[in-house]
Amino acid sequence: MTLLTVLTYPDPQLKIESEPVSKFDDALRIFIADLEQTMRASPGGVGIAAPQVGCTQRIVIVDVSSKPKIQQHGRLILINPEIEQWEGMAKGREGCMSVPDFTGNVIRAERIHLKAQDEFGEFHQYDMQGYEARAVQHECDHLDGLLFLDRLVSRRHDLFPRKKV
Amino acid sequence: MKWYMLTLVGKDRPGIVAHVTSALFEGGCNLGETSMLRLGGNFTIMMMVSFNGNKHALQDMITGVAESLGLQVHIDAIDAKLHQHIEPDVSITVYGADRAGIVAKVTGALSEVGFHILDLESDVGGTEAQPIYVMYIDGKANEGIEAVEATLDLIRQEGIEVHLTPIDTMVG
Ligand SMILES: [Zn+2]
């Protein structure tokens, strides 16, 4: 396996819309293994999208299983992911391997329904919420050439309460 | 390049930031992190300014624009670097009937459990007869969130409402 170089802003490749994956072959699976290793080598990284390493294909990996006490699906390989339903809104803090030394608040849907293929081309459906849903939305944005910087909201003021308490 | 902390205080009016930053830019300064606040019609901004000259030269550069805007200027040479953010991991909101000492009580308790306050803001709502005191704090729980919860429990027993929300920054 190879550690891939993570591109950082203002690399223009981060702003490109990625192409759908059509060939589910060994080359794809080797790339995914490298992409996953790259994600795991980054401290605190719970997700990565192919365009972050300069491959403009609709491939995302998310694994939030290191976070205790949250609902999650473990290691997810999401190819050609499509978020089909959104519900609720929540403000949360995000950072990005492609934007070092900066974090900011972003509003995301609290719950999403997602359709995606795996590395063998099989279709899967997921219902996600909270932190995992946030990670998937952040990574899917990368596939459309969007960074969390494009969605920043005020650091200081809540536009609405963070969560029901 | 040397770093200076430039602090301006005065009555708020439109265009202050634009005028001040233009003067700094034209004088060859670069801005680092800045924070502006407006409180009760008053304006204050703290700016990390990098500048290849001494404090006097910076003072001369800013005096004209500051005087024209009615601002007081304070400049300190500082030992600072960019790219050294401390990430908050806890957000705390506090509210209660307005009374003296609420800030001191809460921040004192937090300080005892090694809580590093990174951002604090307080406000007064309600009515003159029955004010409501609200405070927001973001910070880093250096000795863990459980220690912070435990100390906040003691505060709650005194009739102050305190909510703690972990900030779990998602990096992807
Ligand atoms: Zn990212």
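The preceding data block contains the structure.
Per chain, residues are indexed from 1 in the order of the written sequence. To read the labels, note that chains go from A and ligands from 1, taken in the order they are written. It should be noted that, the model being predicted, local features are given only for residues of pLDDT at least 70 and side-chain atom pairs only at 80 or more, the latter also being counted only at that level, while totals for whole chains, interfaces and linings use all residues. To obtain the side-chain values, all non-hydrogen atoms of the structure were used and water was disregarded.

### A few points about the layout of surface pockets
- Whether a set of points on the 1 Å grid over the protein atoms alone is a cavity depends on a 1.4 Å probe fitting there but being unable to get out, while an open set qualifies as a pocket with protein on both sides within 12 Å along at least five of seven lines; lining residues are those with an atom within 4 Å of a point. Grid points are joined across faces, edges and corners, and a volume is the space filled by probe spheres set on the points. By volume, the second largest pocket amounts to about 1,300 Å³.
- Together, 37 residues line the second largest pocket, and A:Arg155, B:Glu33, B:Thr34, B:Ser35 and B:His85 are the ones closest to its centre.
- Sorting the residues of the lining of the second largest pocket by element identifies strand S4 (99–117) and strand S6 (152–153) of chain A together with strand S1 (2–11), strand S2 (30–39), strand S3 (42–51) and strand S6 (115–126) of chain B as the ones contributing at least two each.
- Here the lining of the second largest pocket gets 6 residues from one element, more than from any other, and that element is S2(B).
- When residue character is reported, Ala, Val, Leu, Ile, Met, Phe, Trp, Tyr, Cys and Pro are called nonpolar, Asp, Glu, Lys and Arg charged, and the others, Gly included, polar. Considering only residue class, the lining of the second largest pocket consists of 16 nonpolar, 12 polar and 9 charged.
- Domain delimitation in this document rests on an assignment produced automatically or drawn from a domain database. Looking at which domains feed residues into the lining of the second largest pocket, each of domain 1 (2–78) and domain 2 (90–166) of chain B supplies at least three. Only DSSP runs of H or I reaching four residues or more are called helices, and only runs of E reaching two or more are called strands; each is numbered from the N terminus.

### Details of the coordination of the zinc ion
- Note that water is not among the atoms used; donors are N, O and S atoms within 2.8 Å of the metal (3.2 Å for Na, K and Ca), so sites may look incomplete. Distances from the zinc ion to its protein donors, A:Cys96 (SG), A:His138 (NE2), A:His142 (NE2) and B:Gly172 (O), fall at 2.0 to 2.2 Å.
- In this scheme the shape depends on donor count and angles: four donors with every angle between 85 and 135 degrees give tetrahedral, four or six donors with opposite pairs above 155 degrees and others between 65 and 115 give square planar or octahedral in turn, and any other case is irregular. Around the zinc ion sit 4 donor atoms, and with donor-metal-donor angles ranging over 89 to 144° the site reads as irregular. Of this pair, A:Cys96 sits in strand S3 (residues 76–96) while A:His142 sits in helix H2 (residues 130–143); the two residues are 46 residues apart in sequence, bridging distant segments of the chain.
- For A:Cys96, a relative accessible area of 5% corresponds to the buried category. Working definition: with a 1.4 Å probe on protein chains only, accessible area under 20% of the residue-type maximum means buried, over 50% means exposed, and in between means partly exposed.

### So, helix H4 (residues 145–156) of chain B
Residue and element names in this part refer to chain B.
- For H4, spanning 12 residues, the distance from its first C-alpha to its last is 16 Å, which sits close to the expected 16 Å at 1.5 Å a residue.
- The set of residues buried in H4 consists of Val148, Thr151, Leu152 and Ile155. Along the axis of H4, the buried residues cluster in a sector spanning 105°; they form a single face. Turned more than 90 degrees away from the buried face of H4, the exposed residues are Glu146 and Leu154.
- When checking whether two residues touch, look at their non-hydrogen atoms; a contact exists if any pair is within 4.5 Å. On its buried side, H4 packs onto strand S5 (90–97), helix H3 (102–112), S6, strand S7 (131–141) and strand S8 (161–166). One less than the number of residues in a helix, times 1.5 Å, gives the span that helix is expected to have. Here the arc refers to the set of directions running from the helix axis out to each C-beta atom.

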